[in-house]
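# A look at the structure
Here are the chains, one letter per residue:
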Amino acid sequence: MKNTFKFLSALALSAVLLSACGTSDQSKDTGSDAEKKELTIGTEATYPPFSYRDKKTNEITGYDVEVAKEVAKRLDMKPKFVATEWKNMFTSLDSKRFDLVANQVTITDERKQKYDFSTPYTVSGGQVIVNKDNKDIKGIEDLKGKVVGTTQGSNYAAEAEKAGAKTKFYKGIAQVLTDLDVNRVDAAMNDKLFILTELKNTDYNVKAVGEPFNENEMAFAFRKDDKQLIEDVDKALEEMKKDGTLKKLSEKYFGEDVSE
């Protein structure tokens with residue numbers, strides 16, 4: 001009888017230990033699930049003041065980056081930025097290398113056929129840039145027959161071709177301006193906010209000419225199958241507009257509200 005009692009006691013102890021182990025594993029799984037989900041974000045990291053690397057820390061920062069970080073925070077997600085050349089940006093989005101693009105993506109009818117966009121967080125316009133010694137080009141109307149430097153896939157390439165210019169493609173805006181500086185191309189185009197904040201601080205022998213030739217709305221770009229994410233991001237952006245966060249970030253980089 002005593003042996004039977006010992007046997008039963010051992011079985012009971014084993015059951016308790018197994019139960020405890022099971023509880024431990026379950027807690028571990030629950031803890032893992034509780035970790036923040038990652039929001040992967042494609043950006044150039046070579047396009048100040050929108051997306052660039054801090055010279056001291058090498059961290060990716062900029063207006064678009066800070067807006068995206070704040071959105072991720074409000075979605076209770078961890079932002080992860082994936083530095084990507086502009087020419088590969090949309091193919092990388094297609095292949096699910098990241099969840100969205102934060103890189104001053106202009107909303108166009110052509111892009112809307114394949115991608116979805118958040119509500120805009122920047123409103124701006126394009127402007128022509130020429131060498132300071134250039135006297136012939138005074139605006140977009142003077143680009144016919146000229147060679148315009150641009151990045152592949154940029155909406156400015158389409159604007160240049162529409163104006164009758166030939167296009168020469170580069171890796172990034174720095175390479176465009178380098179060639180424009182020595183007259184390897186006749187002109188370039190870029191966002192007036194880039195020109196306002198960054199171009200004047202460079203040593204390139206270039207200048208902006210003419211008035212902005214269009215009005216653009218910039219937003220986050222998504223694959224069309226991410227409806228829930230788009231809805232969540234739009235909700236976060238709306239909150240940021242209402243509580244003044246978007247305006248504050250805009251004024252930090254541009255000295256004025258460019259979010260609407």
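Because the structure is a prediction, the values reported are computed rather than measured.

Right, let's get into the overall build of the chain. Per the secondary structure count, the chain includes nine helices and 14 strands. Buried positions account for 45% of the 260 residues belonging to the chain. In the chain, of all internal contacts separated by at least 6 residues, the share reaching a separation of at least 24 is 69%. Carbon and sulfur atoms provide 49% of the accessible area of the chain, an area that totals close to 14,500 Å².

A word on the pairing of strand 10 (residues 147-151). Among the five residues that make up strand 10, four are buried, leaving the element largely enclosed by the rest of the structure. Crossover connection from strand 10 via helix 5 (residues 155-162) to parallel strand 11 (residues 166-170): handedness right-handed. Summarising the sheet, strand 10 and strand 12 (residues 187-191) pair through two bridges and their orientation is parallel. Bridge pairing in strand 12 links Gly 149 to Ala 188.

So, on to the sheet that holds strand 9 (residues 126-131). Pairing within the open sheet is mixed, and its five strands lie in the order 11-10-12-9-13. Of all the strands in the sheet, just strand 11 and strand 13 (206-209) have a single pairing partner and so form its edges. Direction aside, the axes of adjacent strands within the sheet are offset by 35° on average. Sheet analysis places strand 9 next to strand 13, joined by four bridges and oriented antiparallel.

Moving on, we get to the side chain of Asn 216. Along the chain, the position of Asn 216 falls in strand 14 (residues 216-223). In this structure Asn 216 comes out as buried when scored by relative accessible area, which is 7%. A polar contact is formed between the side chain of Asn 216 and the side chain of Asn 214, at a distance of 3.3 Å. The contact partners of Asn 216, leaving out residues within four places of it in the chain, are Thr 106, Thr 122, Val 123, Ser 124, Gly 125, Gly 126, Asn 155 and Tyr 156.

So, about the environment of Lys 144. When you line up the elements, Lys 144 lands in the loop between strand 9 and strand 10. Expressed as a C-alpha distance, the spacing of Lys 144 and Ala 160, which sit 16 residues apart in the sequence, is 8.5 Å.

Where helix 2 (residues 63-74) contacts helix 8 (residues 227-242), the axes come no closer than 9 Å and their chain directions differ by 110°. With respect to each other, helix 2 and helix 8 are oriented roughly perpendicular. From helix 2, Val 67, Glu 70, Val 71 and Arg 74 reach across to helix 8, where they touch Val 233, Ala 236, Leu 237, Glu 239 and Met 240. Classifying every residue of the contact of helix 2 with helix 8 gives six nonpolar, no polar and three charged.

Taken as a whole, this structure holds eleven aromatic pairs when the rule is applied. Relative to Phe 90, the ring of Trp 86 lies with its centre 5.6 Å away and its plane at 80°, an arrangement referred to as edge-to-face. In terms of burial, Trp 86 and Phe 90 fall into one category: buried. Between Tyr 156 and Phe 213, the aromatic rings sit 6.4 Å apart at their centres with planes inclined by 85°, giving edge-to-face as the arrangement. In this pair, Tyr 156 is assigned in helix 5 and Phe 213 in the loop between strand 13 and strand 14, connecting sequence segments 57 residues apart. Both residues of the pair, Tyr 156 and Phe 213, count as buried. One aromatic cluster is present, formed by Tyr 47, Phe 50, Tyr 63, Tyr 121, Phe 194, Phe 220, Tyr 253 and Phe 254 through successive ring pairs.

About the criteria used
- Residues numbered from 1 in each chain as written.
- Predicted model: local features only at pLDDT ≥ 70, side-chain atom pairs only at ≥ 80, totals over all residues.
- Heavy atoms only, no water.
- Helix = DSSP H or I, 4+ residues; strand = E, 2+ residues; numbered from the N terminus.
- Buried < 20%, exposed > 50% of the residue type's maximum accessible area, 1.4 Å probe, protein only.
- Contact = heavy atoms within 4.5 Å.
- Areas by Shrake-Rupley, 256 points an atom, 1.4 Å probe, with all protein chains shown as cover.
- Right-handed = clockwise from strand over helix to strand, strands pointing away.
- Pairing = 2+ DSSP bridges.
- Axes fitted to C-alpha atoms, helices over the stretch in contact; angles between N-to-C directions.
- Polar contact = N/O pair within 3.5 Å; in protein donor to acceptor, adjacent residues only side chain to side chain.
- Parallel < 35°, antiparallel > 145°, perpendicular 65-115°, else oblique.
- Nonpolar A, V, L, I, M, F, W, Y, C, P; charged D, E, K, R; others polar.
- Phe/Tyr/Trp six-rings, centres within 6.5 Å; stacked < 30°, edge-to-face > 60°.

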